[in-house]
Amino acid sequence: MAGDNRSRMSEEIQDPVHAVGAAALAAGWSHRHRDVSGGWLRPTVFGAVDGLVTNASLIAGLGGGGVSAHTVVLTGVAALVAGAFSMGTGEYISVTNQNELVRAEVAVERRMHARFPAAEQAELAGVFRGYGADADTADRMAAAVSRDPDTALRVHTREELGVDPSGLPSAVLAGISSLIAFSSGALVPLLPYLLGLSHLAAALGLAAVALLAGGMAVGRLTGRPLLRSGLRQLALGAVAVGVTFAVGSLIGGQVR
């Protein structure tokens, strides 16, 4: 009988919650979020932009120096391959080292939980008080969380390190994404030369369109104004291209 009463009370509590949730959903409420951890977006965007700006600037410098189309293609392809592997390797090592550091700190936290459970629970209660819970509620919340060592470790890690140890990014995925993205970006300014249109203006024009479009795509993902995001990326790329072209023209003129 007591069990039936508790069940009815639970249903009475849950029904208003479900009703509020249903009404919010009907009004357009959503709790789905985009990936903000940078697991794939950061290396992909960074790699593509880096490849595009690097090779566009390189080709601009070579064009300013007055070298042949053959030299532009050879140098551009070499830069694409070398840069792609450099970016992929660097991203893989960076994410691997970061994950290893997180795991080492999680191991420290696990040892502290094993040796000083009361101190860790008190620390967690202090965290809950910092969020606005009164002392009694914070103590009860900390005790409830601390009953499960895995849950306690995850909560402590999130609060103290700002990461979820069960959701670390994949170093392999980051490395491959960076390698492919760099290659794709670096290929864009090379395309006119590879297709027989050996004109610097064509290569830089295509690179400018790609920078603008890429910036707008990122703006779409991040919620920024599309045109502003595209123009910002185009302006930054233009500075790099302009400076490299000027350096190439200066050195090329002196060598002749």
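Use the structure listed above.
Read on for a plain summary of the structure. The model shown is predicted, which means the values in this text are computed figures rather than measured ones. (Residues numbered from 1 in each chain as written. Predicted model: local features only at pLDDT ≥ 70, side-chain atom pairs only at ≥ 80, totals over all residues. Heavy atoms only, no water.)

With that settled, the discussion passes to a nonpolar patch on the surface. A surface patch of nonpolar side chains, about 700 Å² in accessible area, is lined by Val77, Val81, Phe85, Leu187, Leu191, Leu194, Leu195 and Leu206. If you list the elements that add at least two residues to the nonpolar patch, you get α3 (69-115) and α8 (191-194). Top contributing element to the nonpolar patch by residue count: α3, with 3 residues. Within the secondary structure, leucine 191 sits in helix α8. (Patch = residues over 30% accessible without salt bridge, like charges linked within 9 Å, V, L, I, M, F, W, Y side chains within 5 Å. Areas by Shrake-Rupley, 256 points an atom, 1.4 Å probe, with all protein chains shown as cover. Salt bridge = Lys/Arg side-chain N within 4 Å of Asp/Glu carboxyl O. Helix = DSSP H or I, 4+ residues; strand = E, 2+ residues; numbered from the N terminus.)

As a further point, take helix α5 (residues 135-146). Given a rise of 1.5 Å per residue, 12 residues ought to cover 16 Å, and the 16 Å separating the end C-alpha atoms of α5 matches this to within 8%. Of all the residues in α5, the buried ones are Ala138, Ala142 and Val145. Buried positions in α5, seen along its axis, are confined to an arc of 65° and lie on one side of it. In this structure, the buried residues of α5 make contact with α4 (117-130) and α6 (149-161). The N-cap of α5, judged by a side-chain oxygen 3.1 Å from the amide nitrogen of aspartate 136 a few residues on, is aspartate 134. (Expected span 1.5 Å × (residues − 1). Buried < 20%, exposed > 50% of the residue type's maximum accessible area, 1.4 Å probe, protein only. Arc of directions from axis to C-beta. Contact = heavy atoms within 4.5 Å. Polar contact = N/O pair within 3.5 Å; in protein donor to acceptor, adjacent residues only side chain to side chain.)

The subject of this paragraph is the packing of α4 against α6. Across the interface, α4 lies against α6 with an axial gap of 11 Å and an inter-helix angle of 55°. By the angle class used here, α4 and α6 are oblique. Between α4 and α6 lies a crossing whose hand is left-handed. Taken together, the residues of α6 that come into contact with α4 (itself represented by Glu120, Glu123, Leu124 and Val127) are Val155, His156, Glu159 and Glu160. Here the contact of α4 with α6 is composed, by residue class, of 3 nonpolar, 1 polar and 4 charged. (Axes fitted to C-alpha atoms, helices over the stretch in contact; angles between N-to-C directions. Parallel < 35°, antiparallel > 145°, perpendicular 65-115°, else oblique. Left-handed = near helix turned anticlockwise from the far one by under 90°. Nonpolar A, V, L, I, M, F, W, Y, C, P; charged D, E, K, R; others polar.)

The next thing to look at is the pattern of salt bridges. Under the definition given, this model contains 3 salt bridges. For arginine 129, the salt bridge is made with aspartate 139, and the minimal N-O distance between the two is 3.8 Å. Residue arginine 129 is located in helix α4, and its partner aspartate 139 is located in helix α5; the two are separated by 10 residues in the primary sequence. Overall, the relative accessible area of 40% leaves arginine 129 in the partly exposed class. We note a salt bridge from aspartate 136 to arginine 140, for which the minimum N-O separation is 3.2 Å. Highlighted residues: aspartate 136 and arginine 140, both in helix α5, separated by 4 residues, approximately one helical turn. Here aspartate 136 falls in the partly exposed class, since its relative accessible area comes to 49%.

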